Amino acid sequence: QEQLVESGGGLVQPGGSLRLSCAASGSIFSIGTMGWYRQGPGKQRELVATITRSGIKTYADSVKGRLTISRDYVKNTVYLQMISLKPEDTAVYYCNTMPPRNAYWGQGTQVTVSS
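Not measured: the values here are computed from a predicted model.

Asks: Would you explain the nonpolar core in this entry?
Replies: One finds Trp36, Leu80, Met82 and Tyr93 to be the most contacted residues of the largest nonpolar core, which totals 26 residues. Taken together, the elements giving at least two residues each to this core come down to β3 (18-24), β4 (34-39), β5 (46-51), β7 (67-72), β8 (77-82), β9 (91-97) and β10 (109-113). Take this core: its biggest share by element is 4 residues, from β3. Leave out the neighbours within four places in its chain, and Tyr93 touches Glu6, Leu20, Trp36, Tyr37, Arg38, Leu80, Met82, Gly108, Thr109 and Val111.

In structure tokens, the structure reads:
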């Protein structure tokens, strides 16, 4: 069964760091571009970072310089390293292909930035 499983979220103070992981099963990882998305309280889901098969990365302006996306082909995993976290980064974070496919939305992982 093809699925994506996110992990690594938690409660962190402003200025803190977290690394999120997205483990892909099946043939999902062979798909070209992967992305991290997030949905904050009362907000629409937004795309925050993408990475192509060749490693080209893009970021939303709001996270540039603070979030880094990467992928490990051996482990079939996509990562999101987050530093200098802000309260406005509080959200449920999801990974999916880009463009996203409905069947691949997982439970996400909650990131809460609060003192």
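Asks: Help me understand the pattern of salt bridges, please; the structure alone is not making it clear to me.
Replies: Side chains that carry opposite charge are capable of pairing whenever their charged atoms lie near each other. This model, assessed by the stated rule, comprises 4 salt bridges. A salt bridge links Arg38 to Glu46; its shortest N-O distance comes to 2.7 Å. Take Arg38: its relative accessible area is 6%, and that puts it in the buried class. Through salt bridges that share partners, Arg38, Glu46, Arg66 and Asp89 make up one connected network.

Asks: Which parts of the structure should I look at to understand the environment of Ser7?
Replies: By secondary structure assignment, the location of Ser7 is in strand β1 (residues 4-7). On the basis of relative accessibility, which here comes to 36%, the residue Ser7 falls in the partly exposed class. Here the alpha-carbon distance between Ser7 and Ser21, two residues 14 residues apart in the chain, equals 5.3 Å. Filtering out sequence-adjacent residues up to four positions away, Ser7 remains in contact with Arg19, Leu20, Ser21 and Thr109.

Asks: Would you mind going over the pairing of β10 with me for this structure?
Replies: A one-sided burial pattern is seen for β10, the buried positions being Thr109, Val111 and Val113 and the unburied ones Gln110 and Thr112. Sheet topology places strand β2 (residues 10-12) next to β10; 3 bridges connect them, and they run parallel. By the bridge assignment for β10, Gly10 is matched with Val111. The pairing of β9 with β10 spans 3 bridges and is classified as antiparallel. Counterpart to Ala91 in the pairing with β10 is Val111.

Asks: Got a minute to help me understand the packing of aromatic side chains in this structure?
Replies: In this description, a pair of aromatic rings is defined by centroid distance and the angle of the planes. Under the defined criterion, the tally for this structure stands at 2 aromatic pairs. Summarising the aromatic geometry, the rings of Tyr37 and Trp105 are spaced 5.1 Å apart at their centres and angled 75 degrees between planes, so their arrangement reads as edge-to-face. Placement of the pair is Tyr37 in strand β4 and Trp105 in the loop between β9 and β10, with a sequence separation of 68 residues. Note on Trp105: relative accessible area 23%, which makes it partly exposed. Connected via pairs of aromatic rings, a cluster forms that spans Tyr37, Tyr94 and Trp105. Over the ring of Tyr94 we find Arg45, and its NZ or CZ is 4.2 Å from the ring centre. Arg45 extends its terminal NZ or CZ atom over the ring of Trp105, reaching a point 3.9 Å from the ring centre.

Scoring rules and cut-offs
Residues numbered from 1 in each chain as written. Predicted model: local features only at pLDDT ≥ 70, side-chain atom pairs only at ≥ 80, totals over all residues. Heavy atoms only, no water. Core = buried A, V, L, I, M, F, W, Y, C linked by side-chain atoms within 4.5 Å. Buried < 20%, exposed > 50% of the residue type's maximum accessible area, 1.4 Å probe, protein only. Helix = DSSP H or I, 4+ residues; strand = E, 2+ residues; numbered from the N terminus. Contact = heavy atoms within 4.5 Å. Salt bridge = Lys/Arg side-chain N within 4 Å of Asp/Glu carboxyl O. Pairing = 2+ DSSP bridges. Phe/Tyr/Trp six-rings, centres within 6.5 Å; stacked < 30°, edge-to-face > 60°. Lys NZ or Arg CZ within 6 Å of the ring centre and 35° of its normal.

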